[in-house]
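Structural description and commentary
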Amino acid sequence: MEADSMFSEAIKDVEKLSVRFRPDPQKLVELSARLVTEYERLTSEQRTALEASHVCKGLWKKLLPMSAYLAEIAVETDNKDLIRLAIMLHVIEDFDYDYRENFRYLVLIDYAARQIEVSFKAVVDTTKQVASARAWMQLTGFADRDPELNKLSSFQIKATQSAKGFRFEPA
């Protein structure tokens, strides 16, 4: 099966995923990893065609919440690799809907990265080869912002730890 059809199959699985309720962490990580792997297997020409075709348009409603759940799981499990997966979902979505919506979720990933001692900026740097010019500009712009702008409280969000685990919740 060609890389673009494998990526299309992963997209179909994302479309089926319900993010209204917290997805099963293992399934979420597996699906995200598969999606990112298949995206990275695409040639630059295939990624450019994908951006132009807006295949992922509308998927922001799935990909951005998935990135937040991955950030929570990263903190809960101290899994540094999940920070990159979460950021890569933004690369795939390509900031196509509204960069401000992406920033709301990137704040969560940035917070999670700091909690598990991962450099958000260093992880962003690993996406340069596969990110579109738009995604790269937005990601680096976010990473270079004044940290005061990226506080959870600036977005009326708080981090909590309970019997249910680590969660981001409205403040």
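Presented here is a report on the structure given in the accompanying data block. (Residues numbered from 1 in each chain as written. Predicted model: local features only at pLDDT ≥ 70, side-chain atom pairs only at ≥ 80, totals over all residues. Heavy atoms only, no water.)

Tallying secondary structure elements over the protein gives eight helices and two strands in all. Each helix and strand of the protein, placed in order from N terminus to C terminus, yields the pattern α-α-α-α-α-α-α-α-β-β. A compact globule built from 171 residues would reach a C-alpha radius of gyration of about 16 Å, and the protein, at 15 Å, matches this within 12%. Viewed in the frame of its principal axes, the protein has a C-alpha envelope of about 45 × 35 × 25 Å. (Helix = DSSP H or I, 4+ residues; strand = E, 2+ residues; numbered from the N terminus. Rg over C-alpha atoms; globule rule 2.2 N^0.38 Å.)

Phe7, Leu35, Tyr39, Met66 and Ile83 are the most contacted members of the largest nonpolar core, which totals 59 residues. At the level of secondary structure, the elements contributing two or more residues to this core comprise helix 1 (3-16), helix 2 (25-41), helix 4 (60-77), helix 5 (81-93), helix 6 (99-115), helix 7 (120-125), helix 8 (133-143) and strand 2 (165-170). Element by element, the count of residues in this core is highest for helix 4, at eleven residues. Once you skip the residues sitting within four places of it in the chain, Ile83 turns out to touch Ala74, Ile109, Ala112, Ala113, Ile116, Val118 and Val123. (Core = buried A, V, L, I, M, F, W, Y, C linked by side-chain atoms within 4.5 Å. Buried < 20%, exposed > 50% of the residue type's maximum accessible area, 1.4 Å probe, protein only. Contact = heavy atoms within 4.5 Å.)

Scanning all chains against the criterion turns up 14 salt bridges. Note that Glu40 is salt-bridged to Arg84, the shortest N-O span being 2.7 Å. Separated by 44 residues along the polypeptide, Glu40 in helix 2 and Arg84 in helix 5 bring together distant segments of the chain. Under the relative-accessibility criterion, Glu40 is labelled partly exposed at 31%. (Salt bridge = Lys/Arg side-chain N within 4 Å of Asp/Glu carboxyl O.)

Look at helix 2 against helix 4: their axes get within 10 Å of each other, and the N-to-C directions meet at 120 degrees. When the axis of helix 2 is compared with that of helix 4, the two are oblique. As for how helix 2 packs across helix 4, the hand of that crossing is left-handed. Only Leu63, Met66, Tyr69, Leu70 and Ile73 of helix 4 make contact with helix 2, whose side of the interface consists of Pro25, Leu28, Val29, Leu31, Ser32 and Leu35. (Axes fitted to C-alpha atoms, helices over the stretch in contact; angles between N-to-C directions. Parallel < 35°, antiparallel > 145°, perpendicular 65-115°, else oblique. Left-handed = near helix turned anticlockwise from the far one by under 90°.)

What follows covers the packing of aromatic side chains. Overall, the coordinates contain eight aromatic pairs when judged by the stated rule. Between the aromatic rings of Trp60 and Tyr97, the centroid separation amounts to 3.8 Å while the plane-to-plane angle is 10 degrees, which identifies the pairing as stacked. Taken together, the positions of Trp60 in helix 4 and Tyr97 in the loop between helix 5 and helix 6 put the pair 37 residues apart, joining distant regions of the chain. The exposure class assigned to Trp60 is buried, which follows from its relative accessible area of 16%. You can call Tyr97 partly exposed: its relative accessible area is 47%. Taken together, the aromatic side chains of Tyr99, Phe103, Phe120 and Phe142 make up a single cluster linked through ring pairs. Positioned above the aromatic ring of Tyr39, the side-chain terminus of Arg47 is 5.9 Å from the ring centre. (Phe/Tyr/Trp six-rings, centres within 6.5 Å; stacked < 30°, edge-to-face > 60°. Lys NZ or Arg CZ within 6 Å of the ring centre and 35° of its normal.)

Here we take up the packing of helix 4 against helix 5. It is the contact of helix 4 with helix 5, at a shortest axis distance of 8 Å, that shows an interaxial angle of 170 degrees. Taken together, the axes of helix 4 and helix 5 are roughly antiparallel relative to one another. Only Leu82, Ile83, Leu85, Ala86, Leu89, His90, Ile92 and Glu93 of helix 5 make contact with helix 4, whose side of the interface consists of Trp60, Leu63, Leu64, Met66, Ser67, Leu70, Ile73, Ala74 and Thr77. Looking at the contact of helix 4 with helix 5, its residues break down into 13 nonpolar, three polar and one charged. (Nonpolar A, V, L, I, M, F, W, Y, C, P; charged D, E, K, R; others polar.)

Let us now look at the side chain of Glu38. Here Glu38 lies in helix 2. Among the polar contacts made by the side chain of Glu38, one reaches the side chain of Arg41 at a distance of 3.0 Å. (Polar contact = N/O pair within 3.5 Å; in protein donor to acceptor, adjacent residues only side chain to side chain.)

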